[in-house]
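Read off the chains here:
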Amino acid sequence: MSQPTVADTRRLCSKPQDLTDAYGPPSNFLEIDVFDPQTVGVGRTRYTVYKVRMRTNLPIFKLKDSCVTRRYSDFEWLKTELERDSKIVVPPLPGKALKRQLPFRGDEGIFEDSFIEERRVGLEQFINRIAGHPLAQNERCLHMFLQEESIDRNYIPGKV
Amino acid sequence: KHLFFAAMSFFGFGQSADIDIVLNDADTRKKAEHKSEDGRKDKYFLFYDGETVAGKVNVNLKYPGKRLEHNGIKIEFVGQIELYYDRGNHHEFVSLVKDLARPGELTQSQSFDFEFTHVEKPYESYTGQNVKLRYFLRATVGRRLNDISKELDIVVHTLSTYPELNSSIKMEVGIEDCLHIEFEYNKSKYHLKDVIVGKIYFLLVRIKIKHMEIDIIKRETTGTGPNVYHENDTIAKYEIMDGAPVRGESIPIRLFLAGYELTPTMRDVNKKFSVRYYLNLVLIDEEERRYFKQQEITLWRKGDIVRKSMSHQAAIASQRFESSSHPEKSPTQEIEENS
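Residues numbered from 1 in each chain as written. Chains lettered and ligands numbered in written order. Predicted model: local features only at pLDDT ≥ 70, side-chain atom pairs only at ≥ 80, totals over all residues. Heavy atoms only, no water.

Going by the annotation in an unreviewed UniProt entry, the name recorded for chain B is VPS26, retromer complex component B, with Neogobius melanostomus given as the source organism. Taken from UniProt, the Sequence similarities (unreviewed entry) comment for chain B reads in full: "Belongs to the VPS26 family." (UniProt positions renumbered as here; feature names shortened; annotations may be inferred.)

Chain A appears in an unreviewed UniProt entry as Sorting nexin 12 from Neogobius melanostomus. For chain A, the Sequence similarities (unreviewed entry) comment in UniProt is given as "Belongs to the sorting nexin family."

Listed below in structure tokens is the structure:
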């Protein structure tokens with residue numbers, strides 16, 4: 001009786017990869033841009049809106065290319081919905097900047113260009129992180145946020 | 001100071017003798033490294049189940065000419081389990097005693113032979129995070145107020161043979177519509193110097209994977225019932241893939257176990273503790289989200305090929321653990337075949 005003196009380290013057999021799978025486009029494409037900040041309204045009721053454009057080839061999203069307009073409070077709404085309904089740890093949003101909304105500032109407050117840019121970047125990171133999460137993709141609130149023209153705050157929460 | 005100590009020993013206080021335990025085969029017996037509680041690695045004499053433990057107990061009188069009164073001299077062979085949170089209670093699973101001298105007195109240093117024949121040593125020595133299993137010899141000179149004793153720790157290894165049944169582990173897992181993989185490990189039972197050969201096959205990839213790794217996790221479980229406590233320790237992290245895979249890709253695994261500090265799997269030892277090992281396959285995506293699948297593997301200790309120079313007893317002991325294809329042949333011939 002002889003025992004092997006060298007361990008058998010040969011690879012296990014695998015099926016050869018299909019060339020279309022190897023060189024085809026990956027099926028995990030998901031990109032969301034938050035861009036084009038615009039101030040709407042007049043006087044004290046002014047606020048900033050952003051365009052949110054999503055391009056994807058994930059089958060779970062109905063539209064492969066969508067573009068909507070959203071404001072900061074819409075992002076807050078999405079965060080609240082996901083924290084309540086999904087099991088995910090929702091990443092933080094960029095700050096509320098309450099101090100910037102006080103009067104007698106030397107600058108433009110929440111309409112300062114640098115602040116808007118900082119917030120835009122934060123919102124973009126936030127939405128990209130969430131939209132890529134398999135559990136968040138099951139929530140209707142996410143699909144409504146990304147792909148429907150307006151958010152119906154009286155919607156019925158649920159899974160897709 | 002000298003005067004004080006002399007007075008102490010005159011009244012029978014303090015150590016008037018010291019004890020030495022010497023094994024008969026100390027020159028030929030192999031030693032094995034074993035980690036102690038504080039993390040230090042020391043070498044101890046290595047024994048297997050069934051081997052005889054024999055030697056001498058030397059009682060050396062410190063003040064020759066001064067008699068040593070005693071209540072008896074004995075030697076014990078003990079195998080015990082110590083739970084760190086319950087240090088007072090030692091659970092002895094092996095306890096053998098040999099009386100070396102009846103109560104009396106020693107007038108000079110003396111040596112006593114002892115032999116524990118074919119001692120059962122059912123479990124492997126283990127020093128862990130919350131529990132310790134050890135074997136030791138303890139020689140005791142009984143005295144009225146304070147016994148004089150000496151302990152000699154030994155290490156025991158439990159050997160196994162190649163298991164008859166050793167199926168591979170093959171499974172398809174995933175998250176619906178997002179990620180499907182099929183993973184395969186070539187065996188479910190590995191010896192401590194074995195190689196884990198496997199592969200991960202991607203059936204569906206709709207998330208952005210950044211890299212993939214295999215971790216070896218050791219789980220030490222102590223206590224029973226409502227007081228069960230699991231201590232998890234990641235022994236190894238081994239990256240097997242860097243970058244984003246696509247459908248149809250197969251990633252090979254080749255993980256050499258000899259480089260890691262592993263013990264054999266120990267299940268429910270004396271109903272006090274378990275040490276189990278798991279392979280944890282972890283995929284990490286670009287947002288640092290982790291997807292994982294844990295799978296238990298059994299680790300066992302393979303006996304070394306027996307050499308002729310080993311003591312006959314040890315040869316018999318390891319004989320028990322080599323798979324025998326010629327049971328009618330005498331042990332000596334079997335050894336020659338192997339070497």
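Picking up after the structure, the text goes on.
A. Highlighting the overall build of chain A. The secondary structure content of chain A amounts to four helices and three strands. Its helices and strands taken in sequence order, chain A reads α-β-β-β-α-α-α from the N to the C terminus. Seen through its C-alpha atoms, chain A measures out along the principal axes to roughly 90 × 35 × 30 Å. In chain A, the proportion of contacts linking residues at least 24 apart, taken out of those at least 6 apart, comes to 53%. Of the roughly 10,000 Å² of accessible surface on chain A, a fraction of 52% belongs to carbon and sulfur atoms. Distance between charge centres in chain A, computed from 25 positive and 23 negative side chains, equals 4 Å. (Helix = DSSP H or I, 4+ residues; strand = E, 2+ residues; numbered from the N terminus. Contact = heavy atoms within 4.5 Å. Areas by Shrake-Rupley, 256 points an atom, 1.4 Å probe, with all protein chains shown as cover. Lys, Arg positive; Asp, Glu negative; His and termini not counted. Charge placed at Lys NZ, Arg CZ, Asp CG, Glu CD.)

B. Up close: the UniProt feature "domain: PX" (unreviewed entry) in chain A. Following the UniProt record, one finds the feature "domain: PX" (unreviewed entry) at residues 28-152 of chain A. Across residues 28-152 of chain A, helical content stands at 33% and strand content at 22%; the span's end C-alpha atoms are separated by 29 Å.

C. Looking closely at the side chain of Lys 121 of chain B. One can find Lys 121 of chain B in the loop between strand 9 (110-116) and strand 10 (126-127). Filtering out sequence-adjacent residues up to four positions away, Lys 121 of chain B remains in contact with Phe 47, Tyr 48, Asp 49, Gly 50, Glu 51, Val 53, Phe 77, Tyr 135 and Val 156 of chain B.

D. How the structure looks around unusual backbone geometry. Here Asp 177 of chain B, not a glycine, exhibits a phi torsion of approximately 65°, which is positive. With respect to the helices, strands and loops of the structure, Asp 177 of chain B is situated in the loop between strand 13 (169-175) and strand 14 (179-185).

E. Focus on the pairing of strand 2 (residues 47-56) of chain A. Residue and element names in this part refer to chain A. Pairing between strand 1 (residues 30-40) and strand 2: nine bridges, direction antiparallel. When the sheet's bridge partners are listed, Glu 31 is paired in strand 2 with Arg 55. Connecting strand 1 to the next strand, strand 2, in antiparallel fashion are six residues, including Gly 41 with a positive phi near 90°. With seven bridges connecting them, strand 2 and strand 3 (residues 65-71) associate as antiparallel partners. Looking at strand 3, one finds that Met 54 is bridged to Ser 66. (Pairing = 2+ DSSP bridges.)

F. Summary view of helix 4 (residues 140-147) of chain A. All names here are of chain A. Counting buried residues along helix 4, seven of its eight residues qualify, which places the element largely inside the surrounding structure. Three or more residues of helix 4 are buried, namely Cys 141, Leu 142, His 143, Met 144, Phe 145, Leu 146 and Gln 147. Summarising the contacts, the buried residues of helix 4 are in contact with strand 1, strand 2, strand 3, helix 2 (72-85) and helix 3 (113-131). (Buried < 20%, exposed > 50% of the residue type's maximum accessible area, 1.4 Å probe, protein only.)

G. Molecular detail of empty space enclosed by the protein. All names here are of chain B. By the definition in use, this model includes two cavities of 30 Å³ or more. By volume, the largest cavity amounts to about 50 Å³. Its residues assigned to classes, the lining of the largest cavity comprises four nonpolar, one polar and two charged. As a volume, the second largest cavity reaches approximately 40 Å³. Surrounding the second largest cavity, Ser 16, Leu 61, Lys 62, Tyr 63, Lys 66, Arg 67 and Leu 68 form its lining. Residues of the lining of the second largest cavity, tallied by class, amount to three nonpolar, one polar and three charged. (1 Å grid on protein atoms, 1.4 Å probe; cavity = no way out; pocket = protein on both sides within 12 Å on 5 of 7 lines; lining within 4 Å. Points joined across faces, edges and corners; volume = space filled by probe spheres on them. Nonpolar A, V, L, I, M, F, W, Y, C, P; charged D, E, K, R; others polar.)

H. The sheet that holds strand 1 of chain A, seen in detail. All names here are of chain A. Read from one edge to the other, the open sheet built from three strands follows the order 1-2-3, with strand pairing classed as antiparallel. The sheet is open, and its two borders are formed by strand 1 and strand 3, each paired with just one other strand. For this sheet the average axis-to-axis angle between neighbouring strands, irrespective of direction, equals 20°. Contacts from helix 2 reach strand 1, strand 2 and strand 3 within the one sheet, and its direction differs from that of strand 3 by about 105°. (Axes fitted to C-alpha atoms, helices over the stretch in contact; angles between N-to-C directions.)

I. Seen up close, the packing of helix 3 of chain A against helix 4 of chain A. All names here are of chain A. The contact between helix 3 and helix 4 brings their axes to 12 Å, and the two run at 135°. The angle between helix 3 and helix 4 places the two elements in the oblique class. Note that helix 3 runs across helix 4; the crossing there is left-handed. Contact residues: helix 3 offers Ile 127, Ile 130 and Ala 131, while helix 4 offers Leu 142, Phe 145 and Leu 146. Of the residues contributing to the contact of helix 3 with helix 4, the split by class is six nonpolar, no polar and no charged. (Parallel < 35°, antiparallel > 145°, perpendicular 65-115°, else oblique. Left-handed = near helix turned anticlockwise from the far one by under 90°.)

J. Representation of the packing of aromatic side chains. Residues and elements named next belong to chain B. Tallied over the full model, the rule gives 11 aromatic pairs over all chains. Measuring from ring centre to ring centre gives 6.1 Å for Phe 77 and Phe 116, while their planes differ by 45°; the resulting arrangement is tilted. Taken together, the residues span a long stretch of sequence, with Phe 77 in strand 6 (residues 73-83) and Phe 116 in strand 9 at a distance of 39 residues. The burial state of Phe 77 is the same as that of Phe 116; both residues are buried. Consider the rings of Tyr 126 and Phe 273, whose centres lie 5.6 Å apart with planes at 20°: the pair is stacked. Within this pair, whereas Tyr 126 is found in strand 10, its partner Phe 273 is found in strand 21 (residues 273-285), the two being separated by 147 residues in sequence. Each member of the pair Tyr 126 and Phe 273 is classed as buried. Ring pairs connect the aromatic residues Phe 77, Phe 93, Phe 114, Phe 116, Tyr 123 and Tyr 135, which therefore count as one cluster. The ring of Phe 45 is capped by Lys 31, whose NZ or CZ atom sits 4.7 Å from the centre of that ring. In this structure, Arg 219 is placed above the aromatic ring of Tyr 278, and the distance from its NZ or CZ to the ring centre is 4.8 Å. (Phe/Tyr/Trp six-rings, centres within 6.5 Å; stacked < 30°, edge-to-face > 60°. Lys NZ or Arg CZ within 6 Å of the ring centre and 35° of its normal.)

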